[in-house]
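Structural description and commentary
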Amino acid sequence: MAIGLSVGGGSPVGRFGGLPRLPVGMKWPSAGDIPLPLLLSVDCGALPRVDGFDLPADGTLLFFVHQEMDHEDSSGKYARVVYVPDGTETAVAQASSSMCVREQLDVSAELRAELPLWLQEGEDKDWHEFWEDLDWEDMSPFQQQLVRYMECDLPHLDELRALAHDLWPSGAFVVIGGYADDEVINSIAEQTLAGREKAGEIPAIPIAKWYSHLEKEKYRLTTEWISLASEARAYAEYYTSFVIRHDDLAAARVDKALAVTNFVVV
């Protein structure tokens, strides 16, 4: 389960864009002299609760990102998540004349089905059909394991998808929680493996075995990381996904969240 945010349709739980309310004395988040536009702010206490998703019980989460710069830079400095606990004295931050401020739109929330990547349907074919086009020898051990599982233990896959989406339909602009975006996990996994190689923690991985090692690392990371907020790719040229480790979210260390911004090719 995850939380879908969309414009209108119910009591407001947050806003897209606009000006943020920040703790008194706190400067607008920036990367050097580049202010980071506010993407979204949400009232944690007004959101539906989801088992296994340790969002703070109250307070406000604010998501800042300069999407064009973040898309071109993997350092993470062009995105920031700020948590403001209830009871904090705040003030509306004022934007500089050169800052791009998004249009402010109130959003409501609803629970929605969030399926893992290998259960999702693609635009042309689902992942099960995609794997049927691959030779068994070309699959990684992880993919082989998933195919066996889907064929033996999920004979009613289409019915499962239909039931989930009938119960929790959604046309959300942003999803709070749910599974971490595959592109984000792939990016983290590549950087992790490369960093461990460089540090001498693991032997150099032969090119022919890189993909198999990457799949294993991605699977491991999906147990550690969860999506904090993910922008729908259908509504803008750029879309950003924020992910965070389970333990960091439980401790409200939202400054540890990572963001990846992608560009929609139209």
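What comes next is a walk through the structure. (Residues numbered from 1 in each chain as written. Predicted model: local features only at pLDDT ≥ 70, side-chain atom pairs only at ≥ 80, totals over all residues. Heavy atoms only, no water.)

**Focus: the overall build of the protein chain**
Helix and strand counts for the protein chain stand at seven helices and 14 strands. A separation of at least 24 residues holds for 68% of the contacts in the protein chain among residues at least 6 apart in sequence. Roughly 14,700 Å² of accessible area belongs to the protein chain as shown, and the carbon and sulfur atoms make up 51% of that amount. (Helix = DSSP H or I, 4+ residues; strand = E, 2+ residues; numbered from the N terminus. Contact = heavy atoms within 4.5 Å. Areas by Shrake-Rupley, 256 points an atom, 1.4 Å probe, with all protein chains shown as cover.)

**Quick notes on the environment of Ser 230**
You can see Ser 230 is positioned in strand E12 (residues 225–231). Excluding residues within four positions of it along the chain, Ser 230 makes contact with Phe 173, Val 174, Val 175, Thr 240 and Ser 241. Within the structure, Ser 230 has its side chain in polar contact with the side chain of Ser 241 (distance 3.1 Å). (Polar contact = N/O pair within 3.5 Å; in protein donor to acceptor, adjacent residues only side chain to side chain.)

**Describing unusual backbone geometry**
The phi dihedral of Ala 252 falls on the positive side, at around 60°, and the residue is not glycine. Note on placement: Ala 252 falls in the loop between helix H7 (246–250) and strand E14 (258–263). Ala 252 gets classed as partly exposed once you look at its relative accessible area, which sits at 30%. (Buried < 20%, exposed > 50% of the residue type's maximum accessible area, 1.4 Å probe, protein only.)

**Observations concerning the nonpolar core**
With 29 residues, the main nonpolar core has Leu 5, Leu 40, Leu 61, Phe 63, Leu 228 and Phe 242 as its most contacted residues. Looking at this core, the elements with two or more residues in it are strand E1 (2–7), strand E6 (38–43), strand E7 (60–65), strand E8 (79–84), strand E11 (174–176), E12 and strand E13 (238–245). Residues in contact with Phe 63, not counting those within four places in the same chain, are Pro 37, Leu 38, Leu 39, Leu 40, Val 42, Arg 80, Val 81, Leu 228, Ala 229 and Phe 242. (Core = buried A, V, L, I, M, F, W, Y, C linked by side-chain atoms within 4.5 Å.)

**Some points on the environment of Lys 27**
Inspection of the secondary structure puts Lys 27 in the loop between strand E3 (21–23) and strand E4 (30–31). Along the sequence, Lys 27 and Ala 93 sit 66 residues apart, while their C-alpha atoms lie 8.0 Å from each other.

**Brief notes about the layout of surface pockets**
Its boundaries defined by the atoms lining it, the second largest pocket holds a volume of some 370 Å³. If you trace the second largest pocket, you find 22 residues lining it, with Ser 74, Ser 75, Gly 76, Leu 258 and Ala 259 closest to the centre. Elements represented by at least two residues in the lining of the second largest pocket include exactly helix H1 (67–72), E8, helix H5 (182–198) and E14. Broken down by class, the residue content of the lining of the second largest pocket amounts to eight nonpolar, eight polar and six charged. (1 Å grid on protein atoms, 1.4 Å probe; cavity = no way out; pocket = protein on both sides within 12 Å on 5 of 7 lines; lining within 4 Å. Points joined across faces, edges and corners; volume = space filled by probe spheres on them. Nonpolar A, V, L, I, M, F, W, Y, C, P; charged D, E, K, R; others polar.)

**Quick notes on H5**
Between the first and last C-alpha of H5 there are 24 Å, a value that for 17 residues agrees with the 24 Å anticipated at 1.5 Å per step. Near the N-terminus of H5, the side chain that reaches the backbone nitrogen of Glu 183, with its oxygen 2.8 Å away, is that of Asp 181. Downstream of H5 by one or two residues, Gly 200 has phi in the positive range, about 75°. (Expected span 1.5 Å × (residues − 1).)

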